[in-house]
Amino acid sequence: FGRMKPVIVVHGGAGRIFKEREEGCCAGVVRAALRGYGALKEGGSALDAVEEAVRSMEDDPHFNAGCGSVLNEKGEVEMDAIIMDGKNLDSGAVSAVKCVSNPIKLARLVMEKTKHMLLTDHGAHLFAQAMGIPETPGEKLITQRSWERWKKNLEPDSNPEEFQKDLGTVGAVAIDSEGNVACATSTGGLSNKLIGRVGDTACIGSGGYADNRSGAASTTGHGESIMKVVLARLILYHMEQGMSPEMAADTALDYMKTRVGGLGGVIVVNNSGEWAARFSTKQMSWATVKDDQLHYGIYAGERHTKPVDEALRSESEGF
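Residues numbered from 1 in each chain as written. Predicted model: local features only at pLDDT ≥ 70, side-chain atom pairs only at ≥ 80, totals over all residues. Heavy atoms only, no water.

1. Some points on the pairing of strand E5 (residues 170–175)
A regular strand places its side chains on the two faces of the sheet in alternate fashion. The line we're drawing: Residue burial is assigned from relative accessible area. The probe radius is 1.4 Å, only protein chains are included, and a residue is buried under 20% of its type maximum, exposed over 50%, and partly exposed in between. Comment: elements are numbered from the N terminus, with helices defined as DSSP H or I runs of at least four residues and strands as E runs of at least two. Any two strands with at least two DSSP-identified bridges between them are counted as paired.
With six of six residues buried, E5 lies mostly within the body of the structure. Side chains of E5 alternate between two faces, with Val 170, Ala 172 and Ala 174 and Gly 171, Val 173 and Ile 175 buried alike. Here strand E1 (residues 7–15) pairs with E5 via five bridges, running antiparallel. Residue pairing across strands places His 11 opposite Gly 171, the latter belonging to E5. Bridge analysis of E5 against strand E6 (residues 181–187) gives six bridges, and the strand direction is antiparallel. Bridge assignment links Ala 172 to a residue of E6, and that residue is Ala 184. Adjacent in sequence and paired antiparallel, E5 and E6 are bridged by five residues, among which Gly 179 carries a positive phi angle near 85°.

2. Considerations on helix H3 (residues 103–113)
What counts here: Residue contacts are defined here by distance: any two heavy atoms, one from each residue, within 4.5 Å place the two residues in contact.
Within H3, eight of the 11 residues are buried, which leaves it mostly tucked inside the rest of the structure. Along H3, the residues that are buried comprise Pro 103, Ile 104, Leu 106, Ala 107, Arg 108, Leu 109, Val 110 and Met 111. Buried residues belonging to H3 abut helix H2 (46–58), strand E2 (79–85), strand E3 (90–97), strand E4 (118–120), helix H4 (121–130) and E6.

3. Some details on the environment of Ser 316
Within the secondary structure, Ser 316 is located in helix H10 (residues 308–316). The exposure class assigned to Ser 316 is exposed, which follows from its relative accessible area of 63%.

4. Some details on the side chain of Ser 206
Examined against the element boundaries, Ser 206 turns out to sit in the loop between E6 and strand E7 (208–211). When its relative accessible area of 4% is taken as the criterion, Ser 206 is described as buried. When near neighbours in sequence (up to four residues on either side) are disregarded, Ser 206 contacts Asp 200, Thr 219, Ile 226, Met 227, Val 230, Leu 231 and Ala 232.

5. A few points about helix H5 (residues 144–154)
Keep this limit in mind: Regarding the arc, it is the one traced by the directions from the helix axis to the C-beta atoms.
Every buried residue of H5 is accounted for by Ser 146, Arg 149, Trp 150 and Asn 153. Mapping the buried residues of H5 onto a view down its axis gives an arc of 100°, with all of them on the same face.

6. Concerning the nonpolar core
Formally: Here, nonpolar core refers to any group of buried Ala, Val, Leu, Ile, Met, Phe, Trp, Tyr and Cys residues whose side-chain atoms link them within 4.5 Å.
By size, the foremost hydrophobic cluster in this structure holds 55 residues, and its most contacted members are Ile 8, Val 10, Ile 83, Leu 106, Ala 287 and Val 289. Element by element, the count of residues in this core is highest for helix H1 (residues 19–41), at 10 residues. Setting aside chain neighbours within four positions, we find Val 289 in contact with Pro 6, Val 7, Ile 8, Ala 33, Leu 34, Tyr 37, Leu 294 and Val 308. Counting residues in hydrophobic clusters, the runner-up holds 34 residues, among them Ala 216, Met 239, Ala 248 and Val 269.

7. Examining the sheet that holds strand E8 (residues 215–221)
What counts here: Here an angle of 0 to 180 degrees is reported between the N-to-C directions of two axes, which are lines fitted to C-alpha atoms, with helices fitted over the stretch in contact.
Taken in spatial order, the four strands of this open sheet run E7-E8-E9-E10, and their pairing is antiparallel. The open sheet is flanked by E7 and strand E10 (275–279), the only strands paired with a single partner. Neighbour-to-neighbour, the strand axes of this sheet turn through a mean angle of 10°, independent of strand direction. Strand direction decides the pairing type here: strand E9 (residues 264–270) and E10, joined by five bridges, are antiparallel. Of the residues in E10, the one forming a bridge with Gly 265 is Phe 279.

8. A look at the UniProt feature "binding site: substrate" (unreviewed entry) in the chain
Put simply, the rule reads: UniProt positions are given in the numbering used here, feature names are shortened, and annotations may be inferred rather than shown by experiment. Cavity: a set of points on a 1 Å grid over the protein atoms alone where a 1.4 Å probe fits but cannot get out. Pocket: an open set with protein on both sides within 12 Å along at least five of seven lines, its lining residues, like those of a cavity, having an atom within 4 Å of a point.
When the UniProt feature table is mapped onto this chain numbering, "binding site: substrate" (unreviewed entry) sits at Arg 197, Val 198, Gly 199, Asp 200, Thr 220, Gly 221, His 222 and Gly 223. Put simply, the named residues that line the largest cavity are Arg 197, Gly 199, Asp 200, Thr 220, Gly 221 and Gly 223. Residue placement: Arg 197 occurs in the loop between E6 and E7. If you trace the backbone, Thr 220 turns up in strand E8.

Printed below as a string of structure tokens:
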């Protein structure tokens with residue numbers, strides 16, 4: 001039995017990335033991919049790798065997850081996250097959580113420390129307290145950019161849809177040397193959303209899905225559309241029918257577009273370590289590491305490649 005070569009793929013959200021944010025988003029997904037790969041190289045599980053990668057992006061204010069999350073109609077941060085283990089289909093998720101800097105960590109605790117799969121709002125808050133997770137004051141998670149956008153969306157002639165395009169849900173998928181796959185997804189949701197709105201991210205099969213028999217997928221884009229077609233599971237279904245990750249991703253995204261008019265993006269890895277990062281939006285920041293090569297991009301058809309050790313060097317010197 002040859003050991004699998006580990007692979008990690010991450011995304012920093014599909015939509016429209018404003019020019020001044022491109023560099024930061026790029027650096028952020030690259031850093032996350034390198035961190036996740038680091039975990040895999042040290043013999044860590046796919047689960048550890050996706051959690052590590054997503055946590056790195058939750059801590060990065062460039063993304064709509066953790067610190068940097070968009071605000072709901074009341075001006076608060078409410079976040080959703082999910083993690084899933086392809087070995088036994090165990091999953092943990094949280095929705096509408098406040099005052100936690102790493103919702104993905106909480107989702108993993110739901111998976112490992114409870115008999116449940118999804119905890120929400122106040123219950124998730126009580127669970128976080130019970131697990132000894134320090135409370136982060138809500139305002140600590142709010143960036144100037146999120147606040148300005150929220151204000152702008154409150155104006156009577158504003159068009160929140162315009163801003164929605166610059167979303168930035170984050171996610172990761174991985175396969176480890178044992179051949180186990182995992183996915184993780186985390187988001188602040190839609191700007192100026194109704195209080196208590198939960199999108200696709202916290203929903204198993206929509207925001208993410210992982211099964212060793214086929215692979216793993218993490219999604220981003222218009223949550224309500226993603227939920228209608230159960231996008232992550234749909235991609236795995238296509239792979240079960242023999243499609244490559246790229247073909248499966250394109251087919252599912254195309255279906256979502258034609259059937260419900262929804263745009264989005266996905267990252268996928270199959271159980272033999274082939275990967276894809278595909279999107280129907282204008283842009284999606286993504287990065288992957290396989291065979292000690294880092295690949296990353298933001299625009300359709302764009303792919304930069306460099307050796308991991310070179311990337312790690314420039315990482316330690318600051319981008």
